[in-house]
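Report on the structure
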Amino acid sequence: MLIRKPGEFRYSDVTPREVYLRRREFIRSASGLAVGAAGALAVPPWLAGLSAQRGQKLPGVKPSPLSTRDEKVNSYDDITTYNNFYEFGTDKDDPAKNAPGRLKTNPWKLTVEGEVTKKLELGYEDLFTIAPLEERIYRMRCVEAWSIVVPWVGVPLSALLKKVEPTSKAKYVAFESLYERGRMLRSEEAGIDFPYVEGLRLDEAMHPLTILAVGLYGEKLPEQNGAPVRLVVPWKYGFKGIKSIVRIRLVEREPPATWNIANSREYGFYSNVNPEVDHPRWSQASERRLGEFFRRKTQMFNGYADQVASLYTGMDLRKLY
Ligand SMILES: Nc1nc2c(c(=O)[nH]1)N[C@H]1C(S)=C(S)[C@@H](COP(=O)(O)O)O[C@H]1N2
Ligand SMILES: [Mo]
């Protein structure tokens, strides 16, 4: 594995802007939509609003030794225009079009409660002060067999959980997203229940790789990526990474999880990335990395097995998928 010293890493050496711009140009040209009379690049109207506006820079972000540094980071454009956020539409380009205008992130209230000694309520500004901000570059794998490498900015979830002092009854952590009727799709339109909910076992939640992300590419999270605060668990399928969190509850029993409720045969509670356990309707053995042409093999626990496999010793991962 290639390990770089913190200061050596620059985004410009991973995905130069020109490279992905050229790639997008190629895609548009190939689709025959954007090449004008002189062959010049014209942005079609349905793509015009899509290129995300850059966010506000987060100060004091320190690189983390837990970052994945042996892979090319995806472009800001890839990360912020190809999303799943069903509250704002079910197509990959819907969240970038709809979330920025409709998701109101400031003021925000995040409540941490349940089996805790000290209940906490965090306001918008508090979200950026839970612990020193770290950059965590993670490989992310969606259950739909695409993947992406994201330079998240966040804090270990454990830092927040320690503050509330879980009681001895706390065995799981339940998460809930914001839901605002009128500004978001109705459940019947999206095909899943809202508010979106997710859960982790307490030891998974306390694992050093599990973070609450408040940014990416050194800037505040864009709305479509789950502003102002979302969960990132890099060894699990992307849907565990619940966005725009308003409530965290420590609980005694396994909490409900949105996709598991929608279809428990297809989506388990654990949802660890596992190339050996296929989705009933497609293989999980390989994936398409956004921006790449050839498929690559999916790795056990998304490549984080060394760090997380011990959480699951003695468990039948075919049954507890
Ligand atoms: N509230 C909420 N969180 C969500 C989703 C969603 O639809 N609603 N989609 C999930 C899925 S399926 C994925 S793959 C990731 C996508 O995160 P990204 O758009 O930042 O890449 O968010 C997850 N978190
Ligand atoms: Mo996903």
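Since the model is a prediction, treat every value here as computed from it, not as a measurement.

Reading the values: the criteria
Residues numbered from 1 in each chain as written. Chains lettered and ligands numbered in written order. Predicted model: local features only at pLDDT ≥ 70, side-chain atom pairs only at ≥ 80, totals over all residues. Heavy atoms only, no water. Helix = DSSP H or I, 4+ residues; strand = E, 2+ residues; numbered from the N terminus. Buried < 20%, exposed > 50% of the residue type's maximum accessible area, 1.4 Å probe, protein only. Contact = heavy atoms within 4.5 Å. Areas by Shrake-Rupley, 256 points an atom, 1.4 Å probe, with all protein chains shown as cover. pLDDT = per-residue confidence, 0-100. Salt bridge = Lys/Arg side-chain N within 4 Å of Asp/Glu carboxyl O. Near = heavy atom within 4 Å. Polar contact = N/O pair within 3.5 Å; in protein donor to acceptor, adjacent residues only side chain to side chain. Nonpolar A, V, L, I, M, F, W, Y, C, P; charged D, E, K, R; others polar. Pairing = 2+ DSSP bridges. Core = buried A, V, L, I, M, F, W, Y, C linked by side-chain atoms within 4.5 Å. Phe/Tyr/Trp six-rings, centres within 6.5 Å; stacked < 30°, edge-to-face > 60°. Lys NZ or Arg CZ within 6 Å of the ring centre and 35° of its normal.

1. As for the overall build of the protein chain
A tally of helices and strands in the protein chain yields nine helices and 13 strands. Looking at the protein chain as a whole, 53% of its 321 residues qualify as buried. Long-range contacts, defined here as pairs at least 24 residues apart, represent 72% of the contacts in the protein chain between residues at least 6 apart. Total accessible area computed for the protein chain in this model is approximately 15,200 Å², and 53% of it derives from carbon and sulfur atoms.

2. Comments concerning the confidence of the model for the protein chain
On average, residues of the protein chain score 89 in pLDDT, and 84% of them reach the 70 mark or higher. Contacts for the low-pLDDT stretch residues 1-40, under 50 throughout, to residues beyond four places or in other chains number 44 contacts.

3. Some words on the pattern of salt bridges
Scanning the entire structure with this criterion turns up 25 salt bridges. Between Glu71 and Arg296 there is a salt bridge, and its shortest N-O distance comes to 3.2 Å. Residue Glu71 is found in the loop between β1 (62-63) and α3 (76-81), and its partner Arg296 is found in strand β13 (residues 296-297); the two are separated by 225 residues along the sequence. Glu266 is paired through a salt bridge with Arg281; the nearest N and O atoms lie 2.7 Å apart. One end of the pair, Glu266, is in the loop between α8 (258-262) and β12 (286-289); the other, Arg281, is in the loop between α8 and β12, with 15 residues separating them in the sequence. Among the charged side chains, a salt-bridge network with shared partners connects Asp70, Glu71, Arg139, Arg141, Glu287, Arg289, Glu292 and Arg296.

4. A look at the site of ligand 1
Near ligand 1 lie 16 residues; those nearest to it are Asn83, Tyr86, Glu87, Gly241 and Lys243. Asn84 is positioned such that a nitrogen or oxygen atom in its backbone is 3.3 Å from a nitrogen atom of ligand 1. Within the side chain of Asn225, an N or O atom sits 2.9 Å from an oxygen atom of ligand 1. Compared with its free state, where it exposes 540 Å², ligand 1 has 95% of that area covered by protein. Tallied by class, the residues present in the shell around ligand 1 amount to seven nonpolar, six polar and three charged.

5. Some words on the environment of Leu221
Its place among the elements puts Leu221 in the loop between β9 (219-220) and β10 (230-232). For Leu221, a relative accessible area of 6% puts it in the buried group. When near neighbours in sequence (up to four residues on either side) are disregarded, Leu221 contacts Trp152, Ala213, Val214, Gly215, Leu216, Gly226, Ala227, Pro228, Val229 and Arg230.

6. Some thoughts on the environment of Trp146
Residue placement: Trp146 occurs in strand β5 (residues 146-156). Relative accessible area serves as the criterion here: at 11%, Trp146 is assigned to the buried category. Considered as a pair, Trp146 and Arg289 are 143 residues apart in the sequence and their alpha carbons are 5.7 Å apart. When residues no more than four places from it in sequence are discounted, the contact partners of Trp146 are Tyr82, Asn84, Lys92, Met140, Arg141, Arg288 and Leu290. Within the structure, the side chain of Trp146 is placed 3.1 Å from the side chain of Glu144, a separation counted as a polar contact.

7. As for the side chain of Asn83
Mapped onto the secondary structure, Asn83 falls in the loop between α3 and α4 (94-102). Ignoring sequence-local partners within four residues, the contact set of Asn83 consists of Asp91, Lys92, Pro95, Gln224, Asn225 and Lys243.

8. Focus: the pairing of strand β6 (residues 172-177)
One face of the sheet, then the other: side chains in a regular strand alternate in exactly this way. Within β6, five of the six residues are buried, which leaves it mostly tucked inside the rest of the structure. Where β6 lies against strand β7 (residues 197-201), five bridges are found, and the strand directions are antiparallel. Across the sheet, Tyr172 pairs through a bridge with Arg201, a residue of β7. As defined by bridge partners, β6 adjoins strand β11 (residues 245-251) across six bridges and the pair is classed as antiparallel. The residue bridging Tyr172 from the neighbouring strand is Val251, located in β11.

9. As for the nonpolar core
Core analysis: the biggest nonpolar cluster contains 86 residues, and Trp152 and Ile248 have the highest contact counts within it. In contact with Ile248, other than residues within four places in its own chain, are Leu110, Thr111, Val112, Glu113, Leu157, Leu160, Leu161, Val173, Ala174 and Phe175.

10. With respect to the side chain of Glu71
Residue class for Glu71 comes out buried when judged on its relative accessible area of 14%. Only 2.4 Å separates the side chain of Glu71 from the side chain of Arg289, close enough to count as a polar contact. Apart from the residues lying within four places of it in its own chain, the contact partners of Glu71 are Arg139, Val149, Arg289, Arg296 and Gln299.

11. What to know about α4
Along α4, the residues that are buried comprise Asp94, Pro95, Ala96, Asn98 and Ala99. In this structure, the buried side of α4 is in contact with α3.

12. Description of the packing of aromatic side chains
All told, the structure shown has 14 aromatic pairs when counted by the stated rule. Look at Tyr124 and Phe128: their rings are 5.3 Å apart centre to centre, the planes differ by 70°, and that puts the pair in the edge-to-face class. In this structure, Tyr124 and Phe128 share a single accessibility class: buried. Taking the centre distance of 5.2 Å and the plane angle of 20° together, the rings of Tyr179 and Phe194 count as stacked. In this pair, Tyr179 is assigned in the loop between β6 and α6 (187-190) and Phe194 in the loop between α6 and β7, connecting sequence segments 15 residues apart. Residue classification places Phe194 among the buried positions, given a relative accessible area of 12%. Put simply, the rings of Tyr172, Phe269, Tyr270, Phe301 and Tyr312 touch in pairs and so form one group of aromatic residues. Positioned above the aromatic ring of Tyr76, the side-chain terminus of Arg54 is 3.8 Å from the ring centre. Positioned over the ring face of Tyr217 is Arg54, at 5.7 Å from the centre of the ring.

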